[in-house]
Each structure stands twice: as structure tokens, then as C-alpha cells.
Amino acid sequence: MNGETRVYSDYERKLKELEVMHGVAKLLSSKTDLKEMLKDILELLSREMGMSRGMITLLLREFHEAQLDIAPGMDDEAIQKIRYGVGEGVTGQVVATGRPMAIPKLDEAPLFLDRTGARKEVDRSRLAFICVPIKHGDDVVGALSVDTVAVEKLDLDDEVKFLGAVADMIARSVEVRREEEEARERLERENLRLRKQLEQVSHPENIVGNSKGMQEVYMLISQVSDTGTTVLITGETGTGKELVASAIHYASPRRNGPFVRVNCAALPETLLENELFGHEKGAFTGASGRYAGRFEAANGGTIFLDEIGDLSLSAQVRLLRILQEKEFERIGGLSPVRVNVRVIAATNRNLEESVLNGQFRVDLFYRLNVFPIHVPPLRERGADIMLLADYFVQKYSGELGKKITRICSPAIDALMSYHWPGNVRELENCIERAVLLSSDGVIHAHNLPPSLQLKSRGVEAVRGGSLEKLVAAYERELIEEALKYTGGNQSQAARQLGTTKRIIQYKVKKYGIDCSWYKEKKPWVSSRAAEEPPD
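Worth saying up front: this structure is predicted, and the values here are computed from it rather than measured.

Criteria and thresholds
Residues numbered from 1 in each chain as written. Predicted model: local features only at pLDDT ≥ 70, side-chain atom pairs only at ≥ 80, totals over all residues. Heavy atoms only, no water. Salt bridge = Lys/Arg side-chain N within 4 Å of Asp/Glu carboxyl O. Helix = DSSP H or I, 4+ residues; strand = E, 2+ residues; numbered from the N terminus. Buried < 20%, exposed > 50% of the residue type's maximum accessible area, 1.4 Å probe, protein only. Phe/Tyr/Trp six-rings, centres within 6.5 Å; stacked < 30°, edge-to-face > 60°. Expected span 1.5 Å × (residues − 1). Arc of directions from axis to C-beta. Contact = heavy atoms within 4.5 Å. Polar contact = N/O pair within 3.5 Å; in protein donor to acceptor, adjacent residues only side chain to side chain. Core = buried A, V, L, I, M, F, W, Y, C linked by side-chain atoms within 4.5 Å. Pairing = 2+ DSSP bridges. Axes fitted to C-alpha atoms, helices over the stretch in contact; angles between N-to-C directions. Left-handed = near helix turned anticlockwise from the far one by under 90°. Nonpolar A, V, L, I, M, F, W, Y, C, P; charged D, E, K, R; others polar.

## A short note on the pattern of salt bridges
Move 1: Applying the stated rule across the entire model yields 18 salt bridges.
Move 2: Notably, a salt bridge pairs Lys16 with Glu48, separated by 2.6 Å at the nearest N-O pair. Pair noted here: Lys16 is in helix 1 (residues 10-30) and Glu48 is in helix 2 (residues 34-49), with a separation of 32 residues, a long-range link.
Move 3: We note a salt bridge from Glu48 to Arg47, for which the minimum N-O separation is 3.5 Å.
Move 4: A residue is classified by how much of its surface remains accessible, and Glu48, at 22% relative accessible area, is partly exposed.
Move 5: When salt bridges that share partners are traced, they join Arg321, Glu325, Glu327, Glu329 and Arg338 into one network.

## Notes on the packing of aromatic side chains
Move 1: Throughout the structure, instances matching the rule amount to 9 aromatic pairs.
Move 2: Here Phe277 and Phe328 contribute two aromatic rings whose centre-to-centre distance is 5.7 Å and whose plane-to-plane angle is 40°, an arrangement assigned as tilted. Of the two residues, Phe277 sits in helix 8 (residues 269-277) while Phe328 sits in strand 10 (residues 327-328), which places them 51 residues apart along the sequence. In terms of burial, Phe277 and Phe328 fall into one category: buried.

## A short note on helix 10 (residues 313-325)
Move 1: Its 13 residues place the ends of helix 10 18 Å apart at the C-alpha level, agreeing with the 18 Å of an ideal helix rising 1.5 Å per residue.
Move 2: Among the residues of helix 10, Ala315, Gln316, Leu319, Leu320, Ile322 and Leu323 are the ones counted as buried. Around the axis of helix 10, the buried residues are gathered within 160° of arc, so they sit on the same side.
Move 3: Contacts made by the buried residues of helix 10 are with helix 8, helix 9 (294-297), strand 9 (302-306), strand 10, strand 12 (342-347) and helix 12 (362-368).
Move 4: Just downstream of helix 10 lies Lys326, where phi reads positive at about 60°.

## Thoughts on helix 2
Move 1: In this model helix 2 runs 22 Å from its N-terminal to its C-terminal C-alpha over 16 residues, within 8% of the 22 Å that 1.5 Å per residue would give.
Move 2: Turning to helix 2, its buried residues are Lys35, Met37, Leu38, Lys39, Asp40, Ile41, Leu42, Leu44, Leu45 and Met49.
Move 3: Backbone nitrogen of Lys35 and a side-chain oxygen of the N-cap are separated by 3.1 Å at the start of helix 2; the cap is Asp33.
Move 4: Trailing helix 2 by a residue or two, Gly50 shows a phi angle of about 70°, which is positive.

## A look at the nonpolar core
Move 1: Membership of the largest hydrophobic core comes to 31 residues, with the highest contact counts inside it found for Leu45, Ile56, Ile134, Leu144, Leu163, Ile170 and Val174.
Move 2: Of all the secondary structure elements, the ones that give two or more residues to this core are helix 1, helix 2, strand 1 (52-60), strand 5 (127-136), strand 6 (139-149) and helix 5 (157-199).
Move 3: With 8 residues, helix 5 is the largest single contributor of residues to this core.
Move 4: Leu144 has contacts with Leu42, Met55, Ile56, Ile130, Cys131, Val132, Ile134, Leu163, Val166, Ala167 and Ile170, leaving out every residue within four places of it along the chain.
Move 5: Leu276, Ile303, Leu305 and Ile322 belong to the second-largest nonpolar core, a separate cluster that totals 29 residues.

## With respect to the sheet that holds strand 6
Move 1: Read from one edge of the open sheet, 6 strands run 3-2-1-6-5-4, paired in antiparallel fashion. At either end of the open sheet lies a strand with only one pairing partner, and these are strand 3 (83-85) and strand 4 (101-103). Within the sheet, the average angular offset between the axes of one strand and its neighbour, ignoring direction, is 20°.
Move 2: Most of the contacts of helix 4 (residues 89-97) go to strand 5, to which it runs at about 30°, and overall it touches strand 1, strand 2 (65-70), strand 3, strand 4, strand 5 and strand 6.

## Brief notes about the packing of helix 6 (residues 212-224) against helix 7 (residues 241-250)
Move 1: The N-to-C vectors of helix 6 and helix 7 enclose an angle of 35°; their axes lie 9 Å apart at closest approach. Judged by the twist between their axes, the crossing of helix 6 over helix 7 is right-handed. Here Val217, Ile221 and Val224 of helix 6 come into contact with helix 7, specifically with Val244, Ala247 and Ile248.
Move 2: Its residues assigned to classes, the contact of helix 6 with helix 7 comprises 6 nonpolar, no polar and no charged.

## As for the pairing of strand 12
Move 1: Of all 6 residues that make up strand 12, 6 are buried, and the element is covered over most of its length.
Move 2: Burial of strand 12 is two-sided: the residues Arg342, Ile344 and Ala346 facing one way and the residues Val343, Ala345 and Thr347 facing the other way are all buried.
Move 3: Relative to strand 12, strand 7 (residues 231-234) is paired through 4 bridges, and the arrangement is parallel. By the bridge assignment, Leu232 is partnered in strand 12 with Ala345.

Written as C-alpha cells, this is what we have:
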């Protein structure tokens, strides 16, 4: 059907309107993906009512602009670039005033901007344009606009009323989309602010964290990077010692030289010296040619000796010579080999205890411990856990091709309460697993490994309990989620859950929920809560 030429009789139009509104209702009740649902509704209007080039624009009140959100036929990248100042053009005026606008002939409307460029090849004299506000309660949350057939009459009252009715039906879904977009915008701006703040303390790009302990690590990295000083990095397994070593190398004058990694614990003692220092032809059976070891490979750059505490005593002697004299001999060789290598070592052991036990040479310890950097365990970096979790969610969402929008409150509680014996490496593995298991774009507590799944008060109470207790536990979780995303605003939470403030107040008291905790300024809090009077 050609949406730009078909004109219905009054009877046909009213019948079609009823059929289309029924179709809209079915889509609203059956679709779970908000964006796809709204696209389908616009396509239904085009197909059945001849209302083509439909668009849904969101009013991002916090940013004083309207952003195009959904326009079938346009790619997401192009859509994100189209914005209107409040009051700018037809769409901007509709979201500013909350009143619909109808233009019988587009070629006679200088106010119409056509910012999408969708009508460049179309005869505008044959098009009419209708734009109606989308309201959630008394608040304008966006605008719905369509093209239809140009008319000679002075108004489009019937079409405006119909489109307004559709806008009322989709208002709740559009409000949710608006809140999602505002939250995304806030997160992007907050991330940009944090990145700039961390750059002021020489925050390496490959390390995530803003806790006090990590700020001290960044300061030490910035102080030692420009030198050739030997560095000893200590910390538990999985804390990211190799990332610190890499950050030092790539911030140093040696950044264009090689960065050679050696895991001393992974190499058998019989092969370790050969791997580090190389050998000459004929040095042992099977040595058919000269082999350059890792120190030669790192010439002009940095060698990172991970798990340095596992070096044999004989290898420790040779390493000490390199640190002192900057030269070594290959196995089976007679002449010294000079190298220009910076040494960064790391260990999860207490080397001072190893020295006392005779397992590590005291002179080597002091040569390595010129500039120590301690990487704190994750359990001491509480402020960084969610930063790291969000980083890994984005990383594995891209790698696994899954769209993850958020981490739910029970999952956040589990992540924040766990003691993380495996540190950042364990957190990364947990998030990768959770992204893989998520089926609805949200990471839930049950997506996390069993060791992290908390026995919350609600779940603990219903284990082996009745259906009533199970429903109560789920109801409590829904209310807490709503309060979290509305900053503790009970009125907004009630609207989000489709109920009344009085019921929410009753349930909050019943379940002993502390709303004041959610009223603290948190990055996930919706801006709508700040615009409404406090509860």
C-alpha cells in the first residue's frame, strides 16, 4: 500500500483507527524489547494508516534538548546525531509547549527543518506533517511525528486526535526509553569526567580504578616511568601487576622498544636459564645453533620478570650480575653480552620472609627493591568493584555480541559483598560468565557463580517457604529496583511500577526498606527524582 496516495473515507478511517489501535495494544503487551516494539508501532502506522516516516523523539530534560530516538529505515549512528533544542523547529516546539502541531502542506512551512533529510527527494507539496506530544502524566517525555497525505482543508483534527491517542498508549514505554537515554548520557558524561580527572594523576589507560589505593599506584607509576630505575611490584595473584608493569614501560622513553614478559614460575628450572640468557651452538645436546634469550630480545626495552620469587638460587646469581654490570654470558659462551634493559619484577610472595628463610638472595632483593609498588587487593578497593564490573560488562558484551543494559541490585549487592580472593582476574571471569548467561539484557544475581550469590533477607526467608513468601520476596526486589533508579523517590517509583504512592509507602513500611539510602547521590539515580518534590 502506498502510504502517501491512499485516502480513506470517514467510515474506513474510523474502522482502520480501531484496528490499528488494537494492533498497537497487542504490540505493547507482547513485545519485550522496547526499541523494537516502538519501531513496529511506527511501521504499523505507515502500513495501515499511510502515516509514513514516523519518528519518536525523546525530551532529555536534563540536557535541555530533544533527541531523535527511533526512525525506521535510519541507522542508529545517524539517529544519535539528530537533536533539537527545546523550541527549535516543529518538533522542538511540540516538546516545549506540550501541544500538537499539524502542517497541511510541508512546502508552505518554513518552520519545518527536515533534519533527517528523509524528504529531500519527495515532493513536499503532497505531504502533510503531524507532530503530537507524548505525555506521561502531566510531563512531556517526547514527541511522535508522521507524514501523511497533504490536504486542502485548514486542519487535520481527526488525524491529530488519532495520533494523540496512539501517543497516549505508548507514553509509558517512551518514558522508559527516555530514562534509559538520560541514564546513558549521564554515564557517558560521568565516565568522561572521571577519565579527565584520572588523567590529572597520570592514570594509565589500561588500568581501571579510582580508589585511594590505586591513586597511590598511579602516582608511583608517574614518578618512576621516565627513569630507568628497577621496579619491584608486589601484590596478590590477580591484582594486575602485569598491567602496572606495562603502564610503566609504555609511559617511559623505552615505549618504542620491546616489552618482554617472562613468567618465572611457568618455566622449569632446567630451562629457565636457557630462556633468560640463551645458549651457544653446541652448549648441550640438541643445541644446533645460537639461541638469543629473553634478555637479548628485550634489548633497548623492558623485561618483566613475573613471579620473581620462584627463581632458582643459581638463576638469582646470574640475574644479580645483569643488574650490577648490565651483561651476562650465554650458556656455553665465553664472551659477555652487554644489554640495555630495564628490569621490572613482580611477585605475590613476601620476599623479605624468603630472604630470612634462605630461599632468596638478600643482595638480589635489595637490587630489585629499589622502587617498590604495592598493588592493593580488590577487597581493599571497594570503590573500584563496580567500575571494573561495568568495564568488563562492556568488554564482553562486545566480544560475545550481547547487549547488556545494566546490573540489577541483588547482583550489585553480591559483587560488593564478596571478598574476591582471586582479585580482579576472578571478577573478570565472573562478569564474562554473567554476560554469557544473561538472556534479557540484565545481569541478575543468578547469573553469577554460586560463590557470589548472596542469601538476601528475602531469599533466606522464603527457602522452603510458601508461595506468599516467594511473591513477597519478589515484590520487595521490584520495589528496591524502582527506588534505586528513582533516587528513593516513592512517587516516581510508584509510576514506574504502575501503582500508587500510597501502596508503595505501605510496602516500604511493610518490608522495612530504607529509602534514605537510595536518596544519596549515585550515578544510576534518575534525574526525574530531583525534579519532583521529596516524599
